Amino acid sequence: MALRVLVVGGGLMGAAAAWRLSVRGHQVTVLERFGPGHDRGSSYGSSRIFRLAYAEPSYTELALRALPLWRRLEEESGQSVLTLTGAVDHGLPEAVERLAGVLAGAGRSAQRLSPGEVADRWPGLRADTTALYHPDAGRVHADDAVAALLKASGQRGAEVRHGVRVTEIRDTGRTGGGVTVVTDADEALTADAVVVAVGGWAPGFLPDLVSGLPPMRVTQEQPVHFPVPDALDWPSFIHHPGAGWHVPGGLYGLGSVDGVKIGLHGVGPVVDPDHRDRTPDPAAVERLRAYAEEWLPGVAGTEPAPSPASTPPRPTRTSSSTGRARSPCWPASPGTASSSGPPSANSPPTWSKGGRASPGSPSAGRHGGAETAVSAR
């Protein structure tokens, strides 16, 4: 049965949910607070990591489902969004071996490498202790991905409305269920279900709507780019702490059109997305410069620059105390799922009104930078 579904938030999560719901024949309307291609949230910029290698097998399984969907999105939209470059995980042997085991269990190829073998293949990258190369990884162009998802949704009948801020979501009170969404223009829209994908605004928006959610925190992160000419030839990489390097959370990196991008994982200050200091943090830039001097010989002689997509605003990260992120779904009645299977790397479950988990909307990679719209810690 076709449902009328309202999607609140048109970033990566919301746009992906809208596309897949439209593919299933539902009547979808996307309500996005800001204009097309805005930089106020998290789904912007030129690069996020796509990968299959996760310590949690369930994430790998979801990423395997997502990979062909990225290609289907490219076909439908006519927009290239995913480039496979391969990825290198290195550092703490236990962490690297865990990834190797998950990939093997999923039937995907991976190759263990010594630091010397990594240096021979990618002279710009110094590996720590042990390394794992897996070819089914690379980068997603975040801006292009959101645009492609919304375009593909529109081609299948979805309505996309920008400049619409939602102020309230409530039950209709009608027999048979339903939900009413109220906008800042006092417009009341009714639907069978609503998908809430508001990223950094979730902690202030959701607790009164959805029970059973873990505490969430929004942090402002500062990745940098090193503008080297061979940036697009680099693999994505993750440095797991605990062997020759000891910074909690680890570091991610990847090549992009803006240069070689690196960032620490979930170390920024807690912020309110509507009231935050948008000035780049010199101390954060210096920490990443120092890391590059030791571990990235390929960027020697270049000055790091804050992400072009995050100047003046910097990316935000929304995470939960459980280490999992949520994209809540409020169904018209118990057991109604209204969001499933968007094309990206990291797929946490959604939550129903009663707090029950159901298949959900993935984001583009846990370590795709702190810019992922809703991401795990």
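Residues numbered from 1 in each chain as written. Predicted model: local features only at pLDDT ≥ 70, side-chain atom pairs only at ≥ 80, totals over all residues. Heavy atoms only, no water.

For helix H3 (residues 93–105), with 13 residues, the first-to-last C-alpha span of 18 Å sits near the 18 Å given by 1.5 Å per residue. Along its buried surface, H3 packs onto helix H2 (57–77), strand E5 (87–91), strand E6 (111–113), strand E7 (131–134) and strand E16 (236–240). A positive phi of about 75° marks Gly107, the residue just after H3. (Helix = DSSP H or I, 4+ residues; strand = E, 2+ residues; numbered from the N terminus. Expected span 1.5 Å × (residues − 1). Contact = heavy atoms within 4.5 Å.)

Turning our attention to the pairing of strand E2 (residues 27–32). When you tally the buried positions in E2, you get 5 out of 6 residues, the bulk of the element. Sheet analysis places strand E1 (residues 4–8) next to E2, joined by 5 bridges and oriented parallel. In the sheet register, Val8 faces E2, and the bridge partner there is Leu31. As paired strands, E2 and strand E9 (residues 159–162) are joined by 4 bridges and run parallel to one another. Bridge assignment links Val30 to a residue of E9, and that residue is Val160. (Buried < 20%, exposed > 50% of the residue type's maximum accessible area, 1.4 Å probe, protein only. Pairing = 2+ DSSP bridges.)

Once that is clear, we can look at the packing of helix H1 (residues 12–23) against H2. Two elements in contact, H1 and H2, have axes whose closest approach is 13 Å; the angle formed by their N-to-C orientations is 75°. If you check the angle between H1 and H2, you find them roughly perpendicular. Residues Leu12, Trp19 and Arg20 of H1 form the contact with H2, whose own contacting residues are Leu69, Trp70, Arg72, Leu73 and Glu76. The residue makeup of the contact of H1 with H2, split by class, is 5 nonpolar, no polar and 3 charged. (Axes fitted to C-alpha atoms, helices over the stretch in contact; angles between N-to-C directions. Parallel < 35°, antiparallel > 145°, perpendicular 65-115°, else oblique. Nonpolar A, V, L, I, M, F, W, Y, C, P; charged D, E, K, R; others polar.)

The tendency in soluble globular proteins is for nonpolar side chains to be buried side by side. Counting residues in each nonpolar core, the largest one holds 28 residues, and the members touching the most others are Phe50, Trp70, Leu73, Val81, Leu82 and Leu149. Elements supplying a minimum of two residues to this core: H1, H2, H3 and helix H5 (142–155). Residues Val118, Trp234, Leu264 and Ala292 belong to the second largest nonpolar core, which totals 26 residues. (Core = buried A, V, L, I, M, F, W, Y, C linked by side-chain atoms within 4.5 Å.)

In this section: the environment of Arg112. Summarising the element assignment, Arg112 is placed in strand E6. When the C-alpha positions of Arg112 and Tyr133 are compared, they lie 6.3 Å apart, and in sequence the two are 21 residues distant. Sequence-distant contacts of Arg112, defined by excluding residues within four places in its chain, comprise Glu97, Ala100, Glu117, Ala131 and Leu132. In this structure the side chain of Arg112 is engaged in a polar contact, spanning 2.9 Å, whose partner is the side chain of Glu97. (Polar contact = N/O pair within 3.5 Å; in protein donor to acceptor, adjacent residues only side chain to side chain.)

Counted under the stated rule, the structure contains 12 salt bridges. Among the ionic pairs, Arg156 bridges to Glu76, the shortest N-O distance being 2.9 Å. Of the two residues, Arg156 is situated in the loop between H5 and E9 and Glu76 in helix H2; the sequence distance between them amounts to 80 residues. Classification of Arg156 as partly exposed rests on a relative accessible area of 40%. For Glu76, a relative accessible area of 22% puts it in the partly exposed group. With a shortest N-O distance of 2.8 Å, Glu286 and Arg289 are connected by a salt bridge. Of this pair, Glu286 and Arg289 are both found in helix H7 (residues 282–295), 3 residues apart, which corresponds to roughly one turn of the helix. (Salt bridge = Lys/Arg side-chain N within 4 Å of Asp/Glu carboxyl O.)

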